[in-house]
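Listed below, chain by chain, are the residues.
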Amino acid sequence: MVNFVGAGCGAPDLITVRGCNLLKEADVVIYAGSLVNPTLLDYTKDGCEIYDSAKMTLEEVLDVFKTAEANGKNTVRLHTGDPCLYGAIREQMDELDKLGIKYESCPGVTAAFGAAASMNLEYTLPGISQSFIITRMEGRTKVPEGESIESFAAHNASMAIYLSAGMTEELSKRLIAGGYKENTPAAIVYKASWPDEKVFVCDLKTLDETAKQNGITKTALVLVGDVIAHQNYEKSRLYAADFSTEYRKAKHSD
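I will try to describe carefully the structure that is included in this document. Please read all numbers here as calculations on a predicted model, not as lab measurements.

A short note on the overall build of the protein chain
Then, in step 1: Secondary structure summary: the protein chain contains seven helices and 10 strands in total.
Then, in step 2: Viewed in the frame of its principal axes, the protein chain has a C-alpha envelope of about 70 × 50 × 35 Å.
Then, in step 3: Expressed as a percentage of its 254 residues, the buried residues of the protein chain come to 44%.
Then, in step 4: For the protein chain, restricting intrachain contacts to residue pairs at least 6 apart in sequence, the fraction spanning at least 24 positions comes to 66%.
Then, in step 5: Accessible surface, the protein chain as shown: approximately 14000 Å² in total, 49% of it carbon and sulfur.
Then, in step 6: In the protein chain, which carries 26 positive and 35 negative side-chain charges, the distance between the mean positions of the two groups comes to 2 Å.

A look at the nonpolar core
Then, in step 1: Ranked by size, the top nonpolar core spans 23 residues in total, and within it Met-159, Ile-161, Leu-171, Leu-175, Leu-207 and Val-224 carry the most contacts.
Then, in step 2: At the level of elements, helix 5 (149–153), strand 7 (158–162), helix 6 (168–178), strand 8 (185–190), strand 9 (198–203), helix 7 (207–213) and strand 10 (220–224) are the ones that each hand at least two residues to this core.
Then, in step 3: Not counting residues up to four positions away in its chain, the partners in contact with Met-159 are Phe-132, Ile-133, Thr-135, Phe-152, Ala-153, Leu-175, Tyr-180, Val-222, Leu-223 and Val-224.

Structural notes on the sheet that holds strand 5 (residues 103–106)
Then, in step 1: Within the open sheet, the five strands sit side by side as 3-2-4-1-5. Their pairing is parallel. Two strands lie at the open edges of the sheet, namely strand 3 (49–52) and strand 5, each paired on one side alone. On average, each strand axis in the sheet is inclined to that of its neighbour by 20°, with strand direction left out of account.
Then, in step 2: The sheet contact formed by strand 1 (residues 2–6) and strand 4 (residues 75–79) spans five bridges and is parallel.

Details of the pairing of strand 8
Then, in step 1: Of all six residues making up strand 8, five are buried, and the element is well covered by its neighbours.
Then, in step 2: Where strand 8 lies against strand 9, six bridges are found, and the strand directions are antiparallel. Note on strand 9: the bridge partner recorded for Val-189 is Val-199.
Then, in step 3: Taken together, the five bridges between strand 8 and strand 10 define a ladder with antiparallel strand orientation. If you follow Ala-187 over to strand 10, its bridge partner there is Leu-223.

Some thoughts on the pattern of salt bridges
Then, in step 1: Evaluated as defined, the whole model comprises 12 salt bridges.
Then, in step 2: Of the charged contacts, one joins Asp-63 and Lys-66 as a salt bridge, the two residues approaching to 3.5 Å between their closest N and O atoms. Separated by three residues within a single helix, Asp-63 and Lys-66 lie in helix 2 (residues 58–70), roughly one turn from each other.
Then, in step 3: Judged by its relative accessible area of 41%, Asp-63 is partly exposed.
Then, in step 4: Owing to a relative accessible area of 38%, Lys-66 belongs among the partly exposed residues under this scheme.

Thresholds, definitions, all that
Residues numbered from 1 in each chain as written. Predicted model: local features only at pLDDT ≥ 70, side-chain atom pairs only at ≥ 80, totals over all residues. Heavy atoms only, no water. Helix = DSSP H or I, 4+ residues; strand = E, 2+ residues; numbered from the N terminus. Buried < 20%, exposed > 50% of the residue type's maximum accessible area, 1.4 Å probe, protein only. Contact = heavy atoms within 4.5 Å. Areas by Shrake-Rupley, 256 points an atom, 1.4 Å probe, with all protein chains shown as cover. Lys, Arg positive; Asp, Glu negative; His and termini not counted. Charge placed at Lys NZ, Arg CZ, Asp CG, Glu CD. Core = buried A, V, L, I, M, F, W, Y, C linked by side-chain atoms within 4.5 Å. Pairing = 2+ DSSP bridges. Axes fitted to C-alpha atoms, helices over the stretch in contact; angles between N-to-C directions. Salt bridge = Lys/Arg side-chain N within 4 Å of Asp/Glu carboxyl O.

See the structure below:
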């Protein structure tokens, strides 16, 4: 059995209870060593076999899966954040299907949510944005033609851009070209929830300058949107006194 487990965005206590229990029970752990906090490996039991996938090919990872399965061992494939985002899990699952090895997934706290917690943000403020876009700049991994930064920027919604901290000059230009104003609030969150986390609030005009001044080139998330300023938003109707719900009747003033 293979369990794909989301390690969370960094802090070892932000892994889910289920994920932690799976780590404690695992006989074999393959973890993304370039991104996962190694402190999480402290949850594993004595004798657990540990492999760092940063140094492995897909074929080598599959070989560990096969050997563990042949020996009746439980394996945890520990991915950073939530495995369903930029985790390259589908290709592993397809190969496990071919091998007849069962697997399950355990979600994790992705960096965008860890960053929101660190900054006390709400991405969906009424009157400002009711949508949240997660995307990335094109690098060695291509982005579909219909998913350009400009096309998403046209919505002026809250946005989290992953895997793009080393391309902030081009990113800011494309976000502005797509429809955001130059003074749209932005933030660079380096290693959200880690002990060495750093948060830099700026705007799109100064995004690249902020990144360069602080030496940020990787392991950082770029956030964009007016919600970062948390101003001029509308209060939620859900808690308004004159708003009825299934659980509460509206209170009308005399």
